[in-house]
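Breakdown of the fold
These are the residues of each chain, in order.
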Amino acid sequence: MRARTWWAAVAAGLMVGAWPFVAPGGGQASSAAAAAPQTAYQMPFMCGQNWRGTTRSGHSPSTLSIDWNRTADKGMPVVSSAAGTVITAQKTDKGGYGKFVLIDHGNKERTRYAHLASVTVVAGQAVEQSDLLGTVGSTGNSSGDHLHYEQIASGKVVQPYFAGVKFTFNTNKVSTNCVEVPLAADWYGYGKSRITIYRRATKSEFLIYSPGKDPAVRRYGTASDDPLVGDWDGDGTVNVGVYTPATSTFTSYVYKQGTTKITFGKIGDKPVAGDWDGDGKDEVGVWTPSTGEFRLRAANGAVTSIKLGDSNDLPVAGDWDGDGKDDVGVFDRRSATFTLRKVDNEGMVWLGQVQHGAANSMPVTGDWEADGRTDLGVWVQATAEFNLRNGGPAPTNARRSVKTIFGLNRG
Ligand SMILES: [Ca+2]
Ligand SMILES: [Ca+2]
Ligand SMILES: [Ca+2]
Ligand SMILES: [Ca+2]
């Protein structure tokens, strides 16, 4: 994945602002009343989905719990209301909650997601806002498929809020759990990656940073897709693509060649793309957080398995050594440390570690100076700031960070 940088200059702190968008994903949430939680919660469903939230007298353990339903809800993805740490990932069907997930958000605030059909996280795992936790089911003390959901403060179920607004029970509501995803890619074939934001909407958009101008826009994917770009046809320019977590399907598009779909991976996996064999075309792969296993898929469908990382990590891919083949790595969110793996021409496996940025950032990789080696960066969720390591222009690039604010921050 020749993900390469943007031209830009050393645009420290440049604000690309004033877009006509209301922040969908959080951050701006709460100027709300004193009773509002400190955590900027969003609905526990993917961006744009409409769900009905009800309660009833005798609803256990509190009438402030929400039962969420919609048509054909069985098996639908359940996602985190906010970033946090998984306290409980109950994967066996026992007790009233059945299979459930409990997440700690700090400030003594927690959320619970119960009666799940499946659980895709593990205890101790750090999750982002909108990360997949499991699927809707009817396990435990439940008489039909639905999601039982609680917002908890200091051990008690409390009045739920979404996007800073007090929830009205027994109404329908559309999820605005619409996090933006940072990435970088060589959209124009210049050899350098440009920082990019994937903005979720009914028709999602790749917003490509353009210094001093409005971002260029490539529209592709839907609100519930994850972005995954790559040079699918090997012409040196990146092409659009997405991964649909609910169906484990990669969908990519190349002008004049059309759309390609590949079903690969399982629910809970995170997608990666890279040129695993060095033929100039990118292939896809998945990384499973619960096992720390990459499964890289060759163009002919053959699969290579690599163990790296644990459930607190996020996967990355790039050509760390410039040999023309992409390698894998992981980014530990707690220590903001990349662990990069490469294989030398004698088959030896080497791991290198680089700390960059602050905890709870998200990794962004690309070639910032067009030397054929993939470089590292992070996007800081709280401030929407890209921080690219060694991102300055040659020859002064070494050990220099370039910071650019782009995208909408998360809560
Ligand atoms: Ca291409
Ligand atoms: Ca390839
Ligand atoms: Ca390589
Ligand atoms: Ca480079």
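Residues numbered from 1 in each chain as written. Chains lettered and ligands numbered in written order. Predicted model: local features only at pLDDT ≥ 70, side-chain atom pairs only at ≥ 80, totals over all residues. Heavy atoms only, no water.

Once that is clear, we can look at the coordination of the calcium ion (ligand 2). Reference values for coordination geometry: four tetrahedral donors around a metal ideally subtend 109.5 degrees, six octahedral donors ideally subtend 90 or 180 degrees. The calcium ion (ligand 2) binds to the protein through Asp-275 (OD), Asp-277 (OD), Asp-279 (OD), Lys-281 (O), Glu-283 (OE) and Glu-283 (OE); the donor distances cover 2.0 to 2.8 Å. Classification of the site at the calcium ion (ligand 2) rests on its six donor atoms, whose angles at the metal span 51 to 166°, yielding the label irregular. Counting the intervening residues between successive donors of the calcium ion (ligand 2) yields the motif D-x1-D-x1-D-x1-K-x1-E. (Donors = N, O, S within 2.8 Å, 3.2 Å for Na, K, Ca; no water. Tetrahedral: all angles 85-135°; square planar, octahedral: opposite > 155°, others 65-115°.)

Spatially, E27-E28-E29-E30 is the arrangement adopted by the four strands of the open sheet, whose pairing is antiparallel. Of all the strands in the sheet, the pair left with one neighbour each is strand E27 (313-318) and strand E30 (349-355). For this sheet, the mean inter-axis angle between neighbouring strands, taken without regard to orientation, is 25°. (Pairing = 2+ DSSP bridges. Helix = DSSP H or I, 4+ residues; strand = E, 2+ residues; numbered from the N terminus. Axes fitted to C-alpha atoms, helices over the stretch in contact; angles between N-to-C directions.)

Here the focus is the pairing of strand E10 (residues 147-153). Counting buried residues in E10 gives six out of seven residues, a clear majority hidden from the surface. Where strand E3 (residues 66-69) and E10 come together, three bridges link them in antiparallel fashion. Residue pairing for E10: Trp-68 is matched across the bridge by Leu-147. Bridge analysis of strand E7 (residues 109-119) against E10 gives six bridges, and the strand direction is antiparallel. Bridging from a neighbouring strand, Arg-112 pairs with Glu-150 of E10. In the sheet, E10 pairs with strand E11 (residues 156-157) via two bridges, with the strands oriented antiparallel. (Buried < 20%, exposed > 50% of the residue type's maximum accessible area, 1.4 Å probe, protein only.)

All right, on to the packing of aromatic side chains then. Applying the stated criterion to the full structure yields 19 aromatic pairs. Arranged with centres 4.4 Å apart and planes meeting at 45°, the rings of Tyr-243 and Phe-250 form a pair that is tilted. The exposure class assigned to Tyr-243 is buried, which follows from its relative accessible area of 1%. Residue Phe-250 is classed as buried on the basis of its relative accessible area, which comes to 4%. (Phe/Tyr/Trp six-rings, centres within 6.5 Å; stacked < 30°, edge-to-face > 60°.)

Within the protein, the atoms that donate to the calcium ion (ligand 3) are Asp-319 (OD), Asp-321 (OD), Asp-323 (OD), Lys-325 (O), Asp-327 (OD) and Asp-327 (OD), at distances of 2.3 to 3.1 Å. Coordination at the calcium ion (ligand 3) is irregular, judged from the six donor atoms that bind it and the angles of 45 to 177° they form at the metal. Each donor residue of the calcium ion (ligand 3) lies on the same chain, and together they follow the pattern D-x1-D-x1-D-x1-K-x1-D.

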